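Observations on the three-dimensional arrangement
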Amino acid sequence: MKKGFSLVELMVVVGILSIIMLVISQPVAGIIKYQRESQTADNMRDNLQFVINKMEKELKTSSGVTAISGGAGLTFKDQNGGKVAYCFSDNEIIRLETDNCTNILPSSPRLTENTIFRVVNLRFWENNRTNLTTMSISAQSLDNKDTVTMQMSVLPLND
Amino acid sequence: MKTQKGATLVGSLLAITILATTLVSVLELQTSIIRSKFFLQYDNTANLLVAEGLEIVRAIYANNGTVANGTYHIDYTTSSLPTLTSNRCSVNITTNTLNNANQCDIDINSTGAYALSTATEGNRIFHRFVNIETSSTPTIPKVTSTVVVRNPKGGNLRVYKATIELYKIN
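Residues numbered from 1 in each chain as written. Chains lettered and ligands numbered in written order. Predicted model: local features only at pLDDT ≥ 70, side-chain atom pairs only at ≥ 80, totals over all residues.

1. Observations regarding the sheet that holds strand β7 (residues 147-154) of chain A
Ordered in space as β5-β6-β7 (chain A), the three strands form an open sheet in which the pairing is antiparallel. Single-partner strands in this sheet number two, and they are β5 (117-127) and β7 of chain A. Neighbour to neighbour, the strand axes of the sheet diverge by 15° on average, direction disregarded. Inspection of the sheet shows strand β6 (residues 132-141) of chain A paired to β7 of chain A by eight bridges, in the antiparallel sense. Paired with Gln-140 of chain A across the bridge in β7 of chain A is Thr-147 of chain A. Docked against the sheet, helix α1 (residues 9-64) of chain B engages β5, β6 and β7 of chain A, running at close to 20° with respect to β7 of chain A. (Pairing = 2+ DSSP bridges. Helix = DSSP H or I, 4+ residues; strand = E, 2+ residues; numbered from the N terminus. Axes fitted to C-alpha atoms, helices over the stretch in contact; angles between N-to-C directions. Contact = placed C-beta atoms within 7 Å.)

2. Here's the deal with the pairing of β7 of chain A
Across the eight residues that make up β7 of chain A, a large majority, six, are buried. Between the antiparallel neighbours β6 of chain A and β7 of chain A lie five residues, among them Asn-144 of chain A with a positive phi of about 65°. (Buried ≥ 20, exposed ≤ 12 C-beta atoms within 10 Å, placed from the backbone.)

3. Considering the nonpolar core
Soluble globular proteins tend to pack their nonpolar side chains together in the buried interior. Ranked by internal contacts, the top residues of the largest apolar core, which has 57 residues, are Leu-48, Ile-52 and Ile-137 of chain A together with Ala-46, Leu-49 and Val-147 of chain B. Sorting elements by how many residues they give to this core places α1 of chain B first, with 10 residues. Those residues in contact with Ala-46 of chain B, other than ones at most four positions away along the chain, are Phe-126, Val-147, Val-149 and Tyr-160 of chain B. (Core = buried A, V, L, I, M, F, W, Y, C linked by C-beta atoms within 7 Å.)

4. Structural notes on helix α1 (residues 7-60) of chain A
The first and last C-alpha atoms of α1 of chain A sit 77 Å apart over 54 residues, in line with the 80 Å expected at 1.5 Å per residue. The complete set of buried residues in α1 of chain A reads Met-44, Arg-45, Leu-48, Val-51, Ile-52, Met-55 and Leu-59 of chain A. (Expected span 1.5 Å × (residues − 1).)

5. Considerations on the confidence of the model for chain B
Residues and elements named next belong to chain B. Scored by pLDDT, chain B has a mean of 83; 90% of the residues are at 70 or more. Per-element mean pLDDT across chain B ranges from 83 in α1 up to 94 in strand β7 (residues 141-149). For this predicted complex, the interface confidence comes out at an ipTM of 0.76, alongside a pTM of 0.78. (pLDDT = per-residue confidence, 0-100.)

6. Topic: the environment of Arg-95 of chain A
All names here are of chain A. In this structure, Arg-95 sits in strand β4 (residues 92-96). Looking at Arg-95, the number of C-beta atoms within 10 Å reads 16, which means it is partly exposed. Expressed as a C-alpha distance, the spacing of Arg-95 and Arg-123, which sit 28 residues apart in the sequence, is 15 Å. Here Arg-95 is in contact with Val-84, Tyr-86, Pro-109 and Leu-111, once residues within four sequence places are set aside.

Quick look at the structure:
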């Protein structure tokens, strides 16, 4: 009668377990990788959504909305009649209290920061027949792995 | 006679079954996470497209003073509702199918904006259509904007929907 396991039996068991662990570890590593990547992309989307909501809210009550030539900026008057411009410069969206995008300073307030993600495209369009203003923003994560494009159209109430 | 104690056939089969179940569960979990990531990636965009659909009709209504009942394929450049086609885009949630998908394709165009796609093949990720129904008394158009997100790799469709009523501001 044999008592306990033989060396061969132990080696076979360890071998089988190693193979199983190897097979399982790959999906688990994949899950961890996707989770990490998702966090970066989620953060970027949340930030972009916030910026779009902020711009949409201001544009809803604006008047005199005009896209700057080429569509990389937008000027309008806010609900108090103050001049406002949204400008695209150095992979950031900047909000100026002027009617043009020619004088952007390092101290000008940013709606996005290029240290969190890079805005790679900002375009505005006006539908002259319906007064609909459309904005499209494309952003890229700093590691260039994720790109998000978001678009929103707004009908300014005062136009 | 020399006796050896080993695992029985039933014991071995049980062990293999448990291990196989564990393995399949882990692989399914991974597939599910990848699919969730895909949909999460397009969730915000879909919601914005739904809201944009409503805003486009609202702008047309404010400009023209009227909108006709029907189902339409529209984008931000649309200034009047196009003529209805017989092959309207529609989604069947029960069978998880999108009918006449090429009638409501939407895609990022060369200018970076989500716009109508003229592709004949309906394998786009986003599909949008708006439906307008006007009640008889009082005559208030009810607009429903629907966006369908399709995973090109397969899986269930995701449907996003919102409805507004168009009131005239005096």
